[in-house]
Amino acid sequence: AKALYGNPRIHLCGIVDTNTEQGQTLSELYRTPLFVSIEEAIAAHQSLLDGVVISTPTPTHESLIIEAAQNNLSIFTEKPVDETAEKTSTLFQICNNQNVNLCCGFQRRFDSSYQALFHQVNSGAIGNPLAASIFFGDHPVPSRQFLLQGGANIISDCSAHDVDFIRWVLNDEVASVYAVGTSSDDELRRKNVIDNATMLLKFSRGANVTITLSRGANFGYDQRCEFFGTEGMATVNNIAENSSELANETGLHRPKWQHSFPQRFDAAFAQEMDAFADTLLYGTPWPIKEIDCVEVQRVCDAALESCETSQIVHLYREIEKFTEA
């Protein structure tokens, strides 16, 4: 809502939220009406809406995307489009049939630091990419209730952004996946909740990528990324809460990393909404295609399978059935 409200090319026509208390807070903050359904919002604006932004739990995406598409509204949705690759393809087909855009948000593609790394690797600055290492440390640690009651396995909940970014940078597909996970305490272990995991991705042209995921970075939102090649290395580092530094007899003291993803990717979210405005106003193609969303979901699904079976999962793609349109 903040990124929409702050964009001069977008008129935020309303907040749709079944949690009226939460919705009312946003409604008052951004001075826009509150609705309890897309249908109600459409009726109130006499079908003059252009698009909808979906930022709800993944299991709700399917019904919301279908409703928006049937009302000729273009859609921006936070990742993932849906819970499986098959459902994702189906939703893209529905939107294509309705001639509306389905735009999935992978925010690293819109972040200036990650964009710089993309250009460094793809300009040949590090030579032939051989390996990459990604570390995702969540902060703050999600509530126990979230983890125990539908917070999802960390692989399915947190790896998609980095999988998409790696595919984009390498311009390559994952050939095989091996993943292992662990639970940080006995209660989570009894409930089979994995809150720490490591994924090893082997790409078709030979690059090896390790993704380490954790719910427990108590020092701030930890997002590190390194690509190593035959002629150098490209890195995205963390951003601190501020740039101050204290030096005294006990050592050097710096602030924690930024608090969480809304702070770390604030500018990227704004760029996403600006790109969505380009798609709505000028028909600019959305940079993230159906094949990207489907392949990312297939990799995440394979990682979950590997984690459960302790086996390498080999991926066989059918890329030719997708179009780049």
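Residues numbered from 1 in each chain as written. Predicted model: local features only at pLDDT ≥ 70, side-chain atom pairs only at ≥ 80, totals over all residues. Heavy atoms only, no water.

K.L.:
Would you mind going over the overall build of the protein in detail, with residue names and values included?
P.N.:
The helix and strand tally for the protein stands at 13 helices and 14 strands. For 325 residues, the compact-globule formula gives about 20 Å, and the C-alpha radius of gyration of the protein, at 21 Å, lands near that figure. Overall, the protein is about 60 × 55 × 45 Å in size when its C-alpha atoms are taken along their principal axes. Here the protein, with 325 residues, has 44% of them falling under the buried criterion. Here the analysis covers contacts within the protein between residues at least 6 apart in sequence; of these, 67% occur between residues at least 24 apart. In the protein, which carries 23 positive and 42 negative side-chain charges, the distance between the mean positions of the two groups comes to 4 Å. (Helix = DSSP H or I, 4+ residues; strand = E, 2+ residues; numbered from the N terminus. Rg over C-alpha atoms; globule rule 2.2 N^0.38 Å. Buried < 20%, exposed > 50% of the residue type's maximum accessible area, 1.4 Å probe, protein only. Contact = heavy atoms within 4.5 Å. Lys, Arg positive; Asp, Glu negative; His and termini not counted. Charge placed at Lys NZ, Arg CZ, Asp CG, Glu CD.)

K.L.:
Talk me through the confidence of the model for the protein; I want residue IDs and the actual numbers.
P.N.:
Keep in mind that low pLDDT regions are not for reading the predicted coordinates in detail. When pLDDT is averaged along the protein, the result is 92; 96% of the residues meet or exceed 70. The low-confidence segment residues 318–325 (pLDDT under 50) makes nine contacts with residues lying over four places distant or belonging to another chain. (pLDDT = per-residue confidence, 0-100.)

K.L.:
How would you explain the sheet that holds strand β7 (residues 174–182) if you had to name every residue and give the values?
P.N.:
In spatial order, the strands read β11-β10-β6-β9-β8-β7-β14; together these seven strands make up an open sheet with mixed pairing. The two strands at the open ends of the sheet, each matched to only one other strand, are β11 (232–236) and β14 (313–314). As defined by bridge partners, strand β8 (residues 196–203) adjoins strand β9 (residues 208–214) across seven bridges and the pair is classed as antiparallel. Note on β9: the bridge partner recorded for T198 is T212. (Pairing = 2+ DSSP bridges.)

K.L.:
Provide a residue-level description of the nonpolar core, including the pertinent values.
P.N.:
Formed by 76 residues in total, the largest nonpolar core has its most connected members in I75, L117, M199, L201, V209, I211 and F227. With seven residues, helix α13 (residues 290–309) is the largest single contributor of residues to this core. Leave out the neighbours within four places in its chain, and I211 touches I134, D162, V163, I166, A197, T198, M199 and L201. (Core = buried A, V, L, I, M, F, W, Y, C linked by side-chain atoms within 4.5 Å.)

K.L.:
An account of the packing of helix α5 (residues 85–97) against α13 is needed here, citing residue identities and associated values.
P.N.:
Running from amino to carboxyl end, α5 crosses α13 at an angle of 165°, the nearest separation of the two axes being 8 Å. For the element pair α5 / α13, the angle class is roughly antiparallel. Both α5 and α13 take part in a crossing whose hand is right-handed. In this structure, α5 uses A85, T88, S89, F92 and N96 to contact α13, whose residues at the interface are E290, C293, V294, Q297, R298 and D301. In terms of residue class, the contact of α5 with α13 is built from four nonpolar, four polar and three charged. (Axes fitted to C-alpha atoms, helices over the stretch in contact; angles between N-to-C directions. Parallel < 35°, antiparallel > 145°, perpendicular 65-115°, else oblique. Left-handed = near helix turned anticlockwise from the far one by under 90°. Nonpolar A, V, L, I, M, F, W, Y, C, P; charged D, E, K, R; others polar.)

K.L.:
Residues and numbers for the pattern of salt bridges, please.
P.N.:
For the structure on display, the rule yields 17 salt bridges. In this structure, D292 engages R167 in a salt bridge whose closest nitrogen and oxygen atoms are separated by 3.2 Å. Placement of D292 in helix α13 and of R167 in helix α9 (residues 160–170) is noted, with a sequence separation of 125 residues between them. Across the pair, R167 and D292 agree in class, each one buried. Among the ionic contacts, a cluster of salt bridges with common partners joins R109, D164, R167, E173 and D292. (Salt bridge = Lys/Arg side-chain N within 4 Å of Asp/Glu carboxyl O.)

K.L.:
Go over the side chain of S159, please, and point to the residues and values.
P.N.:
As for its position among the elements, S159 is in the loop between α8 (154–158) and α9. A polar atom in the side chain of S159 sits 2.6 Å from the backbone oxygen of I155. For S159, the residues in contact, after removing those within four places along its chain, are I154, M199, L213 and C300. (Polar contact = N/O pair within 3.5 Å; in protein donor to acceptor, adjacent residues only side chain to side chain.)

K.L.:
Could you give an account of unusual backbone geometry, naming the residues involved and the relevant values?
P.N.:
With an omega dihedral of -20°, the bond running from K79 to P80 counts as a cis peptide bond. Tracing the chain through its elements places P80 in the loop between β4 (74–78) and α5. Cis rather than trans, the peptide bond between H139 and P140 has omega equal to -5°. In this fold, P140 is placed in the loop between β6 (129–137) and α7 (144–148). Residues other than glycine seldom take positive phi values, yet R31 does so here, at roughly 50°. Positionally, R31 belongs in the loop between α2 (20–29) and β2 (34–35). Accessibility expressed as a relative area gives 74% for R31, which makes it exposed. For S310, which is not glycine, the phi torsion reads 60° and is therefore positive. Relative to the elements of secondary structure, S310 occurs in the loop between α13 and β14.

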